[in-house]
Amino acid sequence: MAEEKVSSTGEEDSQVVNPWEVTAKDGDKIDYDKLIEQFGCQRLGADLVQRVERLTGRPAHVFLRRGVFFAHRDFDEILDLYERGEKFYLYTGRGPSSEALHFGHLIPFMFTKYLQDAFKVPLVIQLTDDEKCMWKNISIEESKRLARENARDIIACGFDVTRTFIFSDFNYLGGKFYENMVKVANCVTFNKVVGIFGFTREDHIGKISFPPVQAVPSFPSSFPHLFADKNNKVNDNLRCLIPCAIDQDPYFRMTRDVAPRIGYQKPSLIESTFFPALQGENGKMSASDPNSAIYVTDSPKDIKNKVNRYAFSGGQDSIEKHRKLGANLEVDIPVKYLSFFLDDDAELEHIKEEYGSGRMLTGQVKARLIEVLSELVERHRRGRALVTDEMVDAFMAVRPLPFMFS
Amino acid sequence: MGFTKDQLLDRLKELQINFVCYDHPVVLTVEAQAKYVGHLGGLLSKNLLLKDKKHRYYVVSALANTNVDLKVLSQRLGLGKGGLRMAPEESLQEILQVPLGCVTPFALINESAGTVSFLLDQGFKSQECCFFHPLSNDATISLGSSGLEKFLTSLGRKPAYVDLEATPLVGKDNPPDLADFVPSGVPALSDSAEKAPPIQPPVVTQAPENVKSTSGKASIKAKVQSGTTEKPKSTVNPLIEATDVEKVIEEIFAKFASAVQSENKQEEIETSLFDGVRKRITTDLQMQMMSFKNAAYSQGFQAGVEAVRIAMKNMSFRS
């Protein structure tokens, strides 16, 4: 099966999706169906969601039910092996480019926490401080500092320290991890990375040689302190599941292509859509515009202000028009956000009904959203307040996790 | 002069011992050896040449992952604490006539090794594929335990397996269980089958029974270690359930709900009320409890790191 289809970074009028750039075609929305086809991954259907519920004995996470995590590669194989009683581990990561995290950043972590709790499996979290150092031109010290700061927010999402290993590239690279990087690097030509990531001859070699760094956490032998047995042997058949946003797919297309050639298993992926900016799907969530997103450091007042003033509404200009025509749910951001974060399926349906028909007003929907977001931010803030330096050290310590599969 | 690898292999063939010989580049460590034969699914060995204060020598052949504690072994042999040391490099040539990194039971074939005592990990018992060096580091042979036993018998040694990880208490009432392994000075004879082998180490499974009389702790140890190679895991670790955040929150909530019912003597409270309450607070409680678990672990981890630091400081202080 032709796995790695090259993303068409050359064509100008098509959408661009890679780890460093996400632009829709011509100011439009991202076409996810086209993306799935272009990348060659699979849609995550309702049947798989039901299977997850059955296997884990609990309701599926809201992101699964609402199609936020909508695509996958070989997730069904993970479910197969889980059903047989075999194990797997989770791998996700973050490029620590800024201190402030917004909800878009949290989504993969919220979902990964659910996966960890539901399947009772270990997790490795990679902080690519080296990558941000190169791409964002920040100093190594600053990169490392941001990595630790971001680690706090990540921990506050509720990961279990007895099952989680967080590491930053500057701290951890070496040993078996580096050996695997060389193995991977040996199998990928310059032409290949140009095709996959859009590198050019002008890009410095740090960038060009970075992809293996993000690839090898997919292989258990990169973490001998976790996965080696008493004889220092690692079971290379231990599978890996990677929850990530779909713009990370290129890294793992490359990884999946290389894995069998070096005697390793292909990692499985479960991928999410992009989280829209407050101003709408076409808007860009950028660090320079704090009003484009809700940050975990926002106060309830900030949240209220941002949602009321900047959240793009699909409602009509006047109340009369609205009661008549109803809201345009396709472009309405508050409803979109609620579909991410309002857990109650029935309530969401009700809101969509009422708002779409015009009986409910934008203000009411926004009020509900403000409530939901405030609760989330408050919970996060409470959790983060309890993350000390020692706790970060513990999560990042190279130590065995004897109960990681319990 | 010492036997060569080829002479050894010829001898094994004469004795009709089945083996497979794998050549590889010179290796000095088990890890390096594992690179070449580790994938074959056999048992790698770590082999030590030890020496006591009276210049008696011991070859210990253990599974690569068996923990060999020289202090414990020393006591079990009746040499007191700290009576055993790793033998110096010269002894390898002098006594075993093998190069560095090549200690192997096959070295006992040499006359110079006649008085060396041999302790064999019981992990090798009844195993089909055990890896040892054949007198040189550029090869590894794989043979079954029966083959190894045959070889030892041909040297006039009686094959005996030792539980190298056992830590029986040695004291007034409990004589050292491996005392018979201490060489008496009379060499084992290589070729003749007529002369009785002078070193007769007893088969070790009796050892734990000596420990019965002492404290309860010791007798529990004896029960666990009676003759089996694996330490049996009787029950699942209770801490696993106790630290399961979701489970604990469920239990707390159930307890709370039933207490509320009991207190409210007027009438039954609707279960839907409890369901509603539960829905409201479960996530928050779970997050709070996870913070608690992580905090407790982190404090313990800190304490552990400090404890090691203190121990290392004390060690360097003494030496």
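For clarity, every value in this text was computed on a predicted model and none was experimentally measured. (Residues numbered from 1 in each chain as written. Chains lettered and ligands numbered in written order. Predicted model: local features only at pLDDT ≥ 70, side-chain atom pairs only at ≥ 80, totals over all residues. Heavy atoms only, no water.)

S.K.: Please clarify how the overall build of chain B should be interpreted in this entry.
M.R.: The secondary structure content of chain B amounts to nine helices and eight strands. The buried share of chain B, reckoned over its 319 residues, is 39%. Within chain B, counting contacts between residues at least 6 apart in sequence, those at least 24 apart form 66% of the total. Counting only carbon and sulfur atoms, one obtains 56% of the accessible surface of chain B, whose full area is about 18,500 Å². (Helix = DSSP H or I, 4+ residues; strand = E, 2+ residues; numbered from the N terminus. Buried < 20%, exposed > 50% of the residue type's maximum accessible area, 1.4 Å probe, protein only. Contact = heavy atoms within 4.5 Å. Areas by Shrake-Rupley, 256 points an atom, 1.4 Å probe, with all protein chains shown as cover.)

S.K.: What exactly am I supposed to notice about the pattern of salt bridges here?
M.R.: Oppositely charged side chains can pair when the atoms bearing their charge come close. Throughout the structure, instances matching the rule amount to 48 salt bridges over all chains. Between Glu99(A) and Arg145(A) there is a salt bridge, with the nearest N and O atoms lying 3.1 Å from each other. Highlighted residues: Glu99(A) in the loop between strand S5 (88-94) and helix H5 (103-119) and Arg145(A) in helix H7 (residues 140-156), separated in sequence by 46 residues. You can call Arg145(A) partly exposed: its relative accessible area is 36%. When the shortest N-O distance is used, the salt bridge between Arg379(A) and Asp284(B) registers 2.5 Å. Here Arg379(A), found in helix H19 (residues 362-385), pairs with Asp284(B), found in helix H9 (residues 271-318), and the two come from separate chains. (Salt bridge = Lys/Arg side-chain N within 4 Å of Asp/Glu carboxyl O.)

S.K.: Quick question: what am I supposed to make of the sheet that holds strand S8 (residues 161-162) of chain B here?
M.R.: Each strand in a sheet pairs with its neighbour through backbone hydrogen bonds, running either in the same direction (parallel) or in the opposite one (antiparallel). Residues and elements named next belong to chain B. Across the sheet, five strands lie side by side as S4-S2-S3-S5-S8; this open sheet has mixed pairing. Only two strands of the sheet have a single neighbouring strand rather than two, namely strand S4 (84-86) and S8. Strand direction decides the pairing type here: strand S2 (residues 45-52) and S4, joined by three bridges, are antiparallel. Residue lysine 51 lies in a different strand from S4, and its bridge partner there is arginine 85. (Pairing = 2+ DSSP bridges.)

S.K.: Hey, could you run me through helix H1 (residues 32-39) of chain A in this one?
M.R.: The α-helix winds at 3.6 residues per turn, so residues separated by three or four positions along the chain end up facing the same way. Residues and elements named next belong to chain A. Listed as buried for H1 are Tyr32, Leu35, Ile36, Gln38 and Phe39. With its buried residues spanning 165 degrees around the axis, H1 presents them on a single face. Structurally, H1 contributes buried residues whose contacts are with strand S1 (16-18), strand S3 (42-43), strand S4 (69-73) and helix H14 (249-258). One side-chain oxygen of the residue at the start of H1 lies 3.2 Å from the amide nitrogen of aspartate 33, identifying that residue as aspartate 31. (Arc of directions from axis to C-beta. Polar contact = N/O pair within 3.5 Å; in protein donor to acceptor, adjacent residues only side chain to side chain.)

S.K.: Is there a simple way to think about the environment of Asp247(A) in this case?
M.R.: Residue and element names in this part refer to chain A. If you trace the backbone, aspartate 247 turns up in the loop between strand S8 (239-245) and H14. Between the alpha carbons of aspartate 247 and leucine 35 there is a distance of 9.8 Å; along the sequence they are 212 residues apart. When neighbours within four sequence positions are excluded, aspartate 247 is seen to be in contact with Val17, Asn18, Pro19, Val22 and Phe274. Within the structure, aspartate 247 has its side chain in polar contact with the side chain of glutamine 248 (distance 3.4 Å).

S.K.: Help me out: how do you make sense of the sheet that holds strand S7 (residues 164-168) of chain A in this one?
M.R.: All names here are of chain A. The strand order S3-S4-S9-S8-S5-S6-S7 describes an open sheet built from seven strands, whose pairing is mixed. Strand pairing shows two members of the sheet lacking a second neighbour, S3 and S7, which therefore form its edges. Across the face of the sheet, helix H4 (residues 75-83) comes into contact with S4, S5, S8 and strand S9 (268-272) while running at roughly 140 degrees to S8. (Axes fitted to C-alpha atoms, helices over the stretch in contact; angles between N-to-C directions.)

S.K.: In this structure, what is going on with the interface of chain B and chain A? I would like to understand it.
M.R.: For interface size, the figure often reported is the accessible area lost on association. Taken residue by residue, the interface counts 19 residues in chain B and 30 residues in chain A. Between chain B and chain A, a total of about 2,100 Å² is buried, with carbon and sulfur atoms accounting for 56% of that surface. Together, Asn65(B), Met287(B) and Tyr297(B) form the three largest contributors to the area buried by chain B at its contact with chain A, with a combined 25%. One can count six salt bridges joining chain B with chain A. Here Lys279(B) ties to Asp344(A) by a salt bridge, and the two come within 3.7 Å at their closest N and O atoms. Seen at the junction of chain B and chain A, the total is seven residue pairs in polar contact (both at pLDDT 80 or more). Broken down by element, the side of chain B that touches chain A gets its largest block of residues, 13 residues, from H9(B). Each residue belonging to the side of chain B that touches chain A can be placed in one class, and the counts come to six nonpolar, eight polar and five charged. (Buried area = accessible area lost by both parts, 1.4 Å probe. Nonpolar A, V, L, I, M, F, W, Y, C, P; charged D, E, K, R; others polar.)

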